[in-house]
Amino acid sequence: MMDNLRAAANNVVLKIILALIILSFVLTGVGNYLIGGSGDYAAKVNGQVIERAQLEQAFQSERSRMQQQLGEQFSALAGNEGYMQQLRQQALSQLIDNMLLDQYAKKLGLSISDDQVKDAIRKAPYFQTNGQFDNAKYLDLITRMGYSADNYAQSMRQQLLNQQVIQAFGNSGFVLPSESDAMAALVLQERDVRLATIDLNALQAKQNVSDDELKEYYNQNKNSFIAPEQVEVSYIPMDAAAMQSKITVNDADISAYYDQHKSSYGQPERKNYSVIQLKTEAEAKAVLDELNKGADFATLAKEKSTDIISKRNGGELGWLEPDTTADELKEAKLSEKGQLSGVVKSSVGYLIVRLNDVEPEKLKPLSEVRDSIADKVKQEKAVDAYYALQQKVSEAATNDNESLASAEEAAGVKAAKTAWFTRDNVPAELNFKPVVQAIFDGSLIGENGSPGSNSDVINVEGDRAFVIRVSGHKPEGVEPFDKVKDHVAELVKRNKAVQQAKLQGEKLLVELKQGKGDEALKAAGLSFGAVQKMARAPEDSQLTESVFALPHPQQGKPVYGMSQDRQDNVVLIALEAVKPGTLPADEMKTFAGKMQESAIGVTFDSLLANLRKEAKIKMGAAEQQPQ
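Since the model is a prediction, treat every value here as computed from it, not as a measurement.

Re the overall build of the protein chain
When its secondary structure is counted, the protein chain shows 23 helices and 21 strands. Counting every position in the protein chain, which comprises 627 residues, the buried fraction comes to 38%. Sequence separation of 24 or more characterises 74% of the internal contacts of the protein chain that already satisfy a separation of 6 or more. Of the roughly 36200 Å² of accessible surface on the protein chain, a fraction of 49% belongs to carbon and sulfur atoms.

Okay, structure coming up:
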């Protein structure tokens, strides 16, 4: 698997490209796996220890991953002790499964090398930009997934190992042609049906209901008419970004910032190198002799260099900074323009290096960066003013807790006030989790719905903050009958219509099965529509399921049934014909392959279950829960 990578790595350019990303693997190799050893293990699997540190790391990684995926919704789960314990147990169960698979893979002689892991990561399309591995994208994506570089590499190793085990099954598994043909015939089957629909809305419009019926329904279903908790809120907003327009910046401010941050506006020394790469030391010495006798470097590079990338440019590598310069180039110790190295031994052969040019370290002039510095200074001043305002408003709101009047004076603005709203329709300007939580947790609400205390300053993302006061409160409660009477009437009429439609449908179905359907349908003002084809779908409706549950019809004799569509209309079904599913030969191969994958997956799950059954698994003291 690594042959292609080794071949591609045999040039200095690729080594330079990979210089930065290799650090992430070197530095995260085995460090985290050396934690532990105290004897306080999480589990032992056939005598092999899973350290508690490994479990904590796996648990935190899964927790971080879920937090990234769920965002604000994760907080509710994180506060559920039972759920978090379950998540911890799942992490431990996965570690045990992985160790069982590792042990089984060793019995089969399977293994995954570090190079295979690195190769798989570098080849993953989602870590690439323009077909090349992008280390910044790699680190960003795995961080957002809740992984460190070490954790992700370990996860990739486990995936590759699992694939090897699966392939071991896949090479011996097969699906008989008759099995795939039969499955295709069933799954892709089509049915010809005609439908007659009893319109529920039409029946509902004809229903009559009395006040006694409505009150009875209301009394029996009061929990369906709950009015949610409502509040009115007064609030003072504070926004650092909005304060920037009031900030002024002078030349002295800009010059002071520039003097304090000169390192941010400099460019390190850069060198432009050319190389000729050769297989043997003798070849390198021969080329060096030619160069010393006046031969053209670029011409020899194109003719004799084994570095397939740089030779196209006459050996030139371009401008390099110290952090992206390969060690072999540094070892040449070239400092003067045009200087030529001796023969330099490297991991890819022997090099002759020339320093084409040197660009010394330099500092960007203030005039070039003045505008960007002005923006930064203005932003910093705005943030400082923002936090000073927070402190001032917070003190005023705390000292005068009976209203927002003092806080308004401190902020220099009048408090805004909302209309009544519930937790489900919070105004956009206040729809931040910390603000919503403060409003509805009850701490700001007085007795009997009266105004309570002012909040402290509530910070939200984007350098924004609020001081809020709940000025009105209506607790959750049952809506009075008079307020929901019209809604109750529609519900009762709907229920009556459904019952009438089902009763009518059942009577018509009996008539159809007795051969008297034409007259009965005509009397009911119904008729079957044109023939339509129905096929199975991933999310079949009740109607589709009913159609495919009917027995096959005999020639010229439809089979009848009854169901409901997605609008709850009652539907009479006449099943006319059943056509087995078929596929072209090339698509059948793909279909059979999917069946085999499914069969392999079942086998793999069975293997894992058997490994668990036969294994000696001992849980650590704190993890002793049923597995």
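Structure shown, so let's carry the discussion forward.
Details of the pairing of strand β16 (residues 464–474)
Side-chain positions along a regular strand alternate between the two faces of the sheet. With eight of its eleven residues buried, β16 lies for the most part within the structure. In the sheet, strand β7 (residues 230–239) pairs with β16 via ten bridges, with the strands oriented antiparallel. Paired with Val231 across the strands is His473, a residue of β16. In textbook terms, the turn of a hairpin is the stretch between consecutive antiparallel strands, and for strand β15 (residues 458–460) and β16 this stretch comprises three residues, one of which, Gly462, has a positive phi near 80 degrees.

Details of the pairing of strand β9 (residues 270–278)
Across the nine residues that make up β9, a large majority, eight, are buried. Relative to strand β12 (residues 349–359), β9 runs antiparallel, the two sharing nine bridges. Within β12, the position partnered with Ser274 by the bridge is Arg354. With four bridges joining them, β9 and strand β10 (residues 316–320) adopt antiparallel strand pairing. Residue Tyr273 lies in a different strand from β10, and its bridge partner there is Gly318.

Thoughts on unusual backbone geometry
A positive phi is found at Lys333, a non-glycine position, where the angle reads about 50 degrees. Relative to the elements of secondary structure, Lys333 occurs in the loop between α16 (327–331) and β11 (340–346). Positioned with a positive phi, Asp568 is a non-glycine residue whose angle comes to about 70 degrees. With respect to the secondary-structure elements, Asp568 resides in the loop between β19 (559–564) and β20 (570–579).

Some points on helix α15 (residues 297–304)
Restricting attention to buried positions, one finds in α15 the residues Phe297, Leu300 and Ala301. One side of α15 carries all its buried residues, which in axial view fall inside an arc of 105 degrees. Contact partners of the buried residues in α15: β9, α14 (281–292), β11 and β12. For α15, the N-terminal cap is Asp296; the gap from its side-chain oxygen to the backbone nitrogen of Ala298 is 3.4 Å.

A short note on the side chain of Glu232
Considering the arrangement of structural elements, one finds Glu232 in strand β7. Nearest to the buried, unbridged Glu232 among oppositely charged side chains is Lys417, at 4.2 Å. Of the polar contacts made by the side chain of Glu232, one reaches the side chain of Trp420; its length is 3.3 Å.

Comments concerning the sheet that holds strand β18 (residues 532–535)
Pairing between the strands of a sheet is mediated by backbone hydrogen bonds and can be parallel or antiparallel. The sheet built from four strands is open, its strands ordered β18-β5-β20-β19 with antiparallel pairing. Taken across any chain shown, the strands that pair with only one partner, and hence form the sheet edges, are β18 and β19. Averaged over all neighbouring strand pairs, the angle between strand axes comes to 45 degrees, with direction disregarded. Of the pairings in the sheet, the one linking strand β5 (residues 190–198) to β18 comprises four bridges and is antiparallel in character. Bridged to Asp192 within β18 is Lys533. Strand contacts of helix α20 (residues 481–513): β5, β19 and β20, with the helix running at about 175 degrees to β19, the strand carrying the most contacts.

Quick word on the nonpolar core
In this structure, Ile50, Ile96, Ile121, Phe127 and Tyr138 are the most contacted members of the largest nonpolar core, which totals 38 residues. Every element with two or more residues in this core is listed here: β1 (41–45), α3 (52–70), α5 (81–108), α6 (114–123), α7 (135–144), α8 (149–170) and α23 (585–614). Examining the composition of this core, we find that ten residues originate from one element, α5, more than from any other. Residue contacts for Ile50: discarding those within four places in its chain leaves Tyr41, Ala42, Ala43, Val45, Leu95, Ile96 and Met99. Counting residues in hydrophobic clusters, the runner-up holds 19 residues, among them Tyr235, Ile439, Ile468 and Val470.

Some thoughts on the packing of helix α11 (residues 211–220) against α20
For the pair α11 and α20, interaxial distance at closest approach is 9 Å and the crossing angle is 100 degrees. Here α11 lies roughly perpendicular to α20, going by the angle between them. Of the residues in α20, those in contact with Asp211, Glu213, Leu214, Lys215, Tyr217 and Tyr218 of α11 are Phe481, Val484, Lys485, Val488, Ala489, Leu491, Val492, Asn495 and Lys496. Considering only residue class, the contact of α11 with α20 consists of nine nonpolar, one polar and five charged.

Overview of the packing of aromatic side chains
Scanning all chains against the criterion turns up 13 aromatic pairs. Each ring, one from Phe133 and one from Tyr138, has its centre 5.6 Å from the other, and the planes form 45 degrees; the classification is tilted. No difference in accessibility class separates Phe133 from Tyr138, as the two residues are buried. Between the aromatic rings of Phe421 and Phe440, the centroid separation amounts to 6.2 Å while the plane-to-plane angle is 80 degrees, which identifies the pairing as edge-to-face. Highlighted residues: Phe421 in the loop between β14 (416–417) and α19 (433–440) and Phe440 in helix α19, separated in sequence by 19 residues.

Side note on a nonpolar patch on the surface
A cluster of nonpolar side chains, contributed by Leu186, Val187 and Leu188, occupies part of the molecular surface with about 220 Å² of accessible area. Mapped onto the fold, Val187 is located in helix α9 (residues 177–187). Exposure remark for Val187: the relative accessible area of 36% places this residue in the partly exposed category.

Topic: the side chain of Glu408
Of note, Glu408 is situated in helix α18 (residues 405–411). For the buried Glu408, no salt bridge exists, and the shortest N-O distance to an oppositely charged side chain is 4.0 Å, to Lys414.

Focus: the packing of helix α13 (residues 251–260) against helix α17 (residues 366–399)
Remark: α13 packs on α17, axes separated minimally by 9 Å, with the N-to-C direction vectors making an angle of 100 degrees. It follows that α13 is roughly perpendicular to α17 by the angle criterion. Residues Asp251, Asp253, Ile254, Ser255, Tyr257 and Tyr258 of α13 pack against Leu366, Val369, Arg370, Ile373, Ala374, Lys376, Val377, Glu380 and Lys381 of α17. Across the contact of α13 with α17, the residue classes break down as eight nonpolar, one polar and six charged.

Remarks on the layout of surface pockets
By volume, the largest pocket is sized at about 980 Å³. As for the largest pocket, its lining consists of 32 residues, of which Leu95, Asn98, Gln154, Ser155 and Gln158 are closest to the centre. Contributions of two or more residues to the lining of the largest pocket are made by β2 (48–51), α3, α5 and α8. Broken down by element, the lining of the largest pocket gets its largest block of residues, ten residues, from α5. Residue composition of the lining of the largest pocket, by class: 13 nonpolar, 14 polar and five charged.

Re the sheet that holds strand β21 (residues 617–619)
Spatially, the three strands line up as an open sheet ordered β2-β1-β21, and their pairing is antiparallel. Of all strands in the sheet, those bounded by a partner on one side alone are β2 and β21. Taking the axes of each pair of neighbouring strands and ignoring which way they run, one obtains an average angle of 20 degrees across the sheet. Judged from the three bridges that link them, β1 and β21 form a sheet pairing that is antiparallel. By the bridge assignment, Lys44 is partnered in β21 with Lys618. Strand contacts of α5: β1, β2 and β21, with the helix running at about 35 degrees to β1, the strand carrying the most contacts.

The rules behind these values
- Residues numbered from 1 in each chain as written.
- Predicted model: local features only at pLDDT ≥ 70, side-chain atom pairs only at ≥ 80, totals over all residues.
- Heavy atoms only, no water.
- Helix = DSSP H or I, 4+ residues; strand = E, 2+ residues; numbered from the N terminus.
- Buried < 20%, exposed > 50% of the residue type's maximum accessible area, 1.4 Å probe, protein only.
- Contact = heavy atoms within 4.5 Å.
- Areas by Shrake-Rupley, 256 points an atom, 1.4 Å probe, with all protein chains shown as cover.
- Pairing = 2+ DSSP bridges.
- Arc of directions from axis to C-beta.
- Polar contact = N/O pair within 3.5 Å; in protein donor to acceptor, adjacent residues only side chain to side chain.
- Lys, Arg positive; Asp, Glu negative; His and termini not counted.
- Salt bridge = Lys/Arg side-chain N within 4 Å of Asp/Glu carboxyl O.
- Axes fitted to C-alpha atoms, helices over the stretch in contact; angles between N-to-C directions.
- Core = buried A, V, L, I, M, F, W, Y, C linked by side-chain atoms within 4.5 Å.
- Parallel < 35°, antiparallel > 145°, perpendicular 65-115°, else oblique.
- Nonpolar A, V, L, I, M, F, W, Y, C, P; charged D, E, K, R; others polar.
- Phe/Tyr/Trp six-rings, centres within 6.5 Å; stacked < 30°, edge-to-face > 60°.
- Patch = residues over 30% accessible without salt bridge, like charges linked within 9 Å, V, L, I, M, F, W, Y side chains within 5 Å.
- 1 Å grid on protein atoms, 1.4 Å probe; cavity = no way out; pocket = protein on both sides within 12 Å on 5 of 7 lines; lining within 4 Å.
- Points joined across faces, edges and corners; volume = space filled by probe spheres on them.

Distances and angles like these do not, on their own, reveal function.
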